[in-house]
Structure formats: structure tokens, C-alpha cells
Amino acid sequence: MSRPALRLGLWLLLTPLLLWLVLLILLPHVDMLLISLRQRTGPGQYAFSLGNYLAFFDEPLYWRTFVRTATMSVLATALTLLIAFPVSYYIAKLMRGRAKSLLFLMCLIPFWVSELVRTYGWMILLRESGLVSGLLQWLGLVDRPVEMLYNDVAVMVGLIYTAMLFMVVPLITTLDSLDDAQIEAGYDLGGNGWNVLWEVVVPHAMPGIVSGCIVVFMLTLGNYLTPVLIGGKDSLWFTEQIFTQFITRFNWEQGSAFGILLLVLSSFMVWAGLRLSRQSFTRVMSR
Amino acid sequence: MIPSIPQSPLFRHGYRLYVVTFFLFLAAPLAVVAVFAFNDSLFPSLPWGGWTLDWFFNDSEPKLGIFHDDELLESIGISFFVAVFVTLFSLGLATSNAFLFERQDFAGKNLLYVLMLTPLVIPGVILGVSILIFGSSIANGVENQTGYDIEWLRPGLPLVITGQFAFITTICTLILAARLRKFDTSLEEAAMNLGATRVEAIRTVTIPYLRPALIGAGVVSFLMSFENFNTTLMLVGSDAPLTIAMFDRLREGSTPVLNAVSLLLMLGSATLALISVLVQRREG
């Protein structure tokens, strides 16, 4: 094919991509940044100001919610990894053939169901007149209904549940590619189960661990449903603050500042995760 | 820790028990949602009031079944409408993107690839508000200049479709590019040697090869759109898609009609997932 025709083909494919990225991703975020850096001085009049960011540091409710969201998200990510790793290892290394694909599919099922439905399920399980409370009474462990919703533990359970799949899938994929012979070699060289786990299995699974952790952290940080529906009055989540500023208070300048702060936090965590594990963004995300 | 290495029975059984517990944990919330759709009680909670199909078929308050609940039925229609458009747009752009990244070489390709992936690491709420802001900025600008209000840039279904399309396209691109990477280009060349033009070769050889991935990506994007909440919440106008309508009901405290909707959703998703698995297996 001639060169001009090739160039034409390139531009035909490049234009829609550029339109999408510039109009729907790049410019909206630049716009959000600009709006976060201004303040209303009169009707339809705005001036440059750092006031929205200062308000964040001045008002304890704001930055405490921010710190709380970040720490809970890190904790949820760590717990998800701890719970998911043994299961993924079991499926990837101890199962064979049909049973293996079946168990893998079973891990995927909750993903096909709306997050709203999953959260609703936890509400039915954990509420005062719910199943867990009923079960405890039936077993005689408690003598009256217990309310298990509306606290941080319940939120944590909901967050871990929602994020589980995004940890299990990359873990299974990477563990599956680990040759049994390497594990045997570890034992042959005199290692015990613990040494082999830390020196053979975990290093091999690192790309999966990193991509799982990044995605889970992102999803948890940006979660809205679980904290709102399961969380109590004081278990505020930062996304709720953003929603309040935008939709309830109609203070878009403040809301944009919050949005930028959340974006900075999540980008920083992604960057730090990649840096610590020496992984490339492209490789980790394409899994 | 692999079958060829002996382990103590205690460890083996403990490990198995752990995995079984894990799957119970996965299944529990979905199972209770499904079972309580048949509970003859006004609340989705204990005590168990006996079995009933009222939450599906009953036509009067207070036990209004889903097939007579106009508000929820309408929201299902809206979600369907949104999901169809998001799927069509995402598949279209993703196919073009896949060809671009797999077949073309140009300066700045890696940078663009990274940029293409970023929607995956932007929280849905932020993506939603940024598009809300940008839409309003443009609409306000145009209105100030010309006095004409571009309604579709204000919160509403077109904006919901735009917001969902913005990140679902990335996922579709990854699925399609992965399949296109495995394609043997000599097949296309063979078609062209036999007299086909390039476009004909792509249409008759490459696109059929991509079909399983197109169906898979289509199913994924349809479901992701149907079930999306975070981005939609920020962009929604007066027409509420299903997840938003369900959320409002949940906050008010609803009857088990929500369980009935959820069960239908699960069945719908399962059917679609099954179709996509079967297609991949048959043509894989």
C-alpha cells in the first residue's frame, strides 16, 4: 500500500481515539482542576484562589474523612490480599482440569451481579432482624437481636467482598504460570514450606499481587455504595463528601478541589505501588 | 504445597476448610437476596413468613410485585436503553483502537496507550463529576455567547451514556486488542492475493476472527453499563436507571420487591455470561 494511504488509515484510526481521550478524559479533568482553583466573588464572577484547598485543611471533618478513607482503603486492600492469596493458590496449584475451571468461574460469579445487589445481600445478612443475628440467637450465643450493620467492621466486610474478585483473578493468572518444578526445586534445595512461599511463590506472583492491590485500592477508595448503605452515621467516606458538595450544596468549586485531592491520592498510591514493586503501569493494567 | 509434595493431613484439611468457607462467604449475600424474594413478609428480613410469588406477580399495594411496579419497570427500560448505546459506541471505538495499537506504528504510541489505560485508575465518582463539570462549562459558554442551551450537556441520559462510554471503551479495547494480537496477518494477505481489497479482507477475514471477542466485550460492556452506579449517580437527571432507582428505594427501606428485581438481574447476568462463555468456547 502506498504511503499516503497508510497515513490516511493511521489518521482515521487515531482521530476517534484522540477525540475520546481529549474530550472525555483530559479536558474534563483539566476543567475540574481550574474550577477547584477559583472562588466566586460575585454573581458570575470568579477569581483565582487556593481557598478551596485551604478549607480542606481548616475543616477537621474534611481532612479526617480523607485520612479515614485512605487508611480504611489500605487496610481493606491488605485484608483482601491476605484472604485471597491462599484461595488463589489453592485454585491455581492444587486443583486440576475441570474442577479448576469450575472454581475459577465460581470466583467470577459475584462480579456479574450488580454491586448494589451484593451490598443489599450484606444488609439482609447483618441487620438487626437479619440472618446472622437470627443464627446467633438460635445457637443461644446471644439472647436478643444484635445490630451488626452501621459500623466500620460491616463496611470493611462489604468493601472486601466487593473487591475480592479483582484480587483473585490476577493472582490466579500469575500463580497458574508458576511451574511446579520450581516449587519442587525449592524443597529439593532444603527449603521448607515457608521459605518456598517467600522465595519462590511470592516473587513469582508479584505482578499479580501489584495489579490486584492497585485495582482493589482504587475501587475501595472510590466506593460510594458500601459506606453509604452499610456505614453508620460517623463512618463518612470521601466520595460522600464529593457528592454532597456537588449535588446537595451545589458548591462545585469545593467539590472539584475534593475530586482533585482524591485523584492525587489515588495516583500517588498507584505510582508508589508500581515503584516499590518495580512494575510497569502498562503491564500491570493490561492483565 | 503442591500435590507432589506431601503435607500433613491436618494442614490439608484445614486448607480445604478455609477454601470452602471462602466460597460460602462469596455465595452468602447472593443466596439470601434470592431466597428472600420469596418471603411472604413486607420486609426483607426474618422472621420467615412462608413462600410466596407475590413479589413478582401481585398487582396491588402493599405487596406490589415487580411485574406491576411501573416505576421499577420503567427504570429497567432506561437502563436497557443506556446499556445498548454504551455497548454500541464502546465496541465501535474499541475496534478502531485495537487496530490502531496492534497494527500501526507512530510516534507517541506508548504515551497514548498509557493515556488509554488511565480511565481504569480514575475512580468512577471522579470521572462522573469531571464530565458533569466539563459538560456544564461548555453548555454555559455556549449559552452566554449565543443564548442557546445545549440540553444534552446537562445532567441526563446522554451524559450518563457519555460517562459510562468513557471508561467502558478502555475495557473493550483491552479485550479486542488481546484477540487481534493473536491474529495471523498472513490470512489477510492471502485474501488480498486472491483479489480482495484491504477493506474487504478486514471485513471478511479479520472481523469474523474477532467475533468471539466482540461478543465477549459486548456482553461485558452491556453488563458494566447496566450495573454501573458511581459514574451514573453523578450524571443522572430526572430519568433514573435501575441502579439509581433501586438505591433510592433501599435508602427509604423497601419491600422484598427489590429482592425480586435483584433475582431477575442475577438471572439476566448469568444468561449473558453463559452466552459469552459458550461463544468463546465454540469459536475460541
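Chain B carries the name ABC transporter permease in an unreviewed UniProt entry, which gives Sedimenticola thiotaurini as its organism. On record in UniProt, under Sequence similarities (unreviewed entry), the comment for chain B is "Belongs to the binding-protein-dependent transport system permease family."

A. Layout of the overall build of chain A. Per the secondary structure count, chain A includes 13 helices and two strands. For 287 residues, the compact-globule estimate of 2.2 N^0.38 gives 19 Å, and the C-alpha radius of gyration of chain A, at 24 Å, exceeds that figure by more than 25%. Principal-axis analysis of the C-alpha atoms gives chain A an extent of 80 × 75 × 35 Å. In chain A, which comprises 287 residues, the proportion classed as buried is 53%. For chain A, the share of sequence-separated contacts (at least 6 apart) that also reach a separation of at least 24 residues comes to 66%. As presented, chain A carries roughly 13800 Å² of accessible surface, and 67% of it is formed by carbon and sulfur atoms. Separation between the mean location of the 19 positive side-chain charges and that of the 17 negative ones in chain A comes to 9 Å.

B. Looking closely at the interface of chain B and chain A. Of the residues lining the interface, 82 residues belong to chain B; the matching set on chain A comes to 88 residues. Roughly 7600 Å² is buried in total at the junction of chain B and chain A, and carbon and sulfur atoms are behind 81% of that figure. Counting the contacts that link chain B with chain A gives nine residue pairs in polar contact (both at pLDDT 80 or more). Here the side of chain B that touches chain A gets 13 residues from one element, more than from any other, and that element is helix α1 (residues 9-35) of chain B. Looking at the side of chain B that touches chain A residue by residue, the classes come out as 59 nonpolar, 19 polar and four charged.

C. A look at the UniProt feature "transmembrane region" (unreviewed entry) in chain B. All names here are of chain B. Using the residue numbers shown here, the UniProt feature "transmembrane region" (unreviewed entry) corresponds to residues 17-38, 76-100, 112-139, 159-178, 213-237 and 257-279. End-to-end, the C-alpha atoms of residues 112-139 are 28 Å apart, and along that stretch the chain is 79% helix and 0% strand. Helix makes up 100% of residues 159-178 and strand 0%, and the two end C-alpha atoms of the span are 29 Å apart.

D. Broad picture of unusual backbone geometry. The phi angle at Phe250 of chain A is positive, at roughly 55°, despite the residue not being glycine. One can find Phe250 of chain A in the loop between α11 (238-248) and α12 (252-277).

E. How the structure looks around the pairing of strand β2 (residues 45-48) of chain A. Residues and elements named next belong to chain A. Sheet analysis places strand β1 (residues 38-42) next to β2, joined by four bridges and oriented antiparallel. Bridged to Arg38 within β2 is Phe48. Here β1 folds back onto β2 in antiparallel fashion, the turn holding two residues, of which Gly44 has a positive phi close to 70°.

F. Seen up close, the environment of Leu262 of chain A. Counting through the fold element by element, Leu262 of chain A comes out in helix α12. Residues Leu262 of chain A and Thr239 of chain A, spaced 23 residues apart in sequence, show a C-alpha to C-alpha distance of 8.5 Å. In contact with Leu262 of chain A, other than residues within four places in its own chain, are Phe66, Leu221, Phe238, Thr239 and Ile242 of chain A together with Pro123 and Ile126 of chain B.

G. Quick look at the packing of aromatic side chains. Residues and elements named next belong to chain A. The tally for this structure, following the rule as stated, stands at 28 aromatic pairs over all chains. Where Phe246 meets Trp252, the ring centres are 5.7 Å apart and the plane angle is 50°; that geometry is what we call tilted. Under the relative-accessibility criterion, Trp252 is labelled buried at 17%. Between Phe268 and Trp271 the ring centres are 6.1 Å apart and the planes differ by 35°, which places this aromatic pair in the tilted class.

H. Structural detail: the domain arrangement of chain A. Residues and elements named next belong to chain A. Domain annotation of chain A identifies domain 1 (16-49) and domain 2 (51-285). Taking only C-alpha atoms, the centre of domain 1 and the centre of domain 2 are 31 Å apart. Taken residue by residue, the interface counts 10 residues in domain 1 and 10 residues in domain 2. For the pair domain 1 and domain 2, the summed buried area comes to about 820 Å², and 62% of that belongs to carbon and sulfur atoms. For the domain 1 face of the interface with domain 2, the top three residues by lost area are Met32, Ile35 and Ser36, together amounting to 52%. Where domain 1 touches domain 2, the interface holds one salt bridge. In this structure, Glu253 and Arg38 form a salt bridge, with 3.2 Å as the shortest nitrogen-oxygen distance. Counting across the domain 1 and domain 2 interface gives five residue pairs in polar contact (both at pLDDT 80 or more).

I. Inspection of the UniProt feature "domain: ABC transmembrane type-1" (unreviewed entry) in chain B at higher detail. Per the UniProt record, "domain: ABC transmembrane type-1" (unreviewed entry) is found at residues 76-276 of chain B. From the first C-alpha to the last, residues 76-276 of chain B spans 22 Å; its make-up is 80% helix and 0% strand.

Parameters at a glance
- Residues numbered from 1 in each chain as written.
- Chains lettered and ligands numbered in written order.
- Predicted model: local features only at pLDDT ≥ 70, side-chain atom pairs only at ≥ 80, totals over all residues.
- Heavy atoms only, no water.
- UniProt positions renumbered as here; feature names shortened; annotations may be inferred.
- Helix = DSSP H or I, 4+ residues; strand = E, 2+ residues; numbered from the N terminus.
- Rg over C-alpha atoms; globule rule 2.2 N^0.38 Å.
- Buried < 20%, exposed > 50% of the residue type's maximum accessible area, 1.4 Å probe, protein only.
- Contact = heavy atoms within 4.5 Å.
- Areas by Shrake-Rupley, 256 points an atom, 1.4 Å probe, with all protein chains shown as cover.
- Lys, Arg positive; Asp, Glu negative; His and termini not counted.
- Charge placed at Lys NZ, Arg CZ, Asp CG, Glu CD.
- Buried area = accessible area lost by both parts, 1.4 Å probe.
- Polar contact = N/O pair within 3.5 Å; in protein donor to acceptor, adjacent residues only side chain to side chain.
- Nonpolar A, V, L, I, M, F, W, Y, C, P; charged D, E, K, R; others polar.
- Pairing = 2+ DSSP bridges.
- Phe/Tyr/Trp six-rings, centres within 6.5 Å; stacked < 30°, edge-to-face > 60°.
- Domains from an automatic or database assignment.
- Salt bridge = Lys/Arg side-chain N within 4 Å of Asp/Glu carboxyl O.

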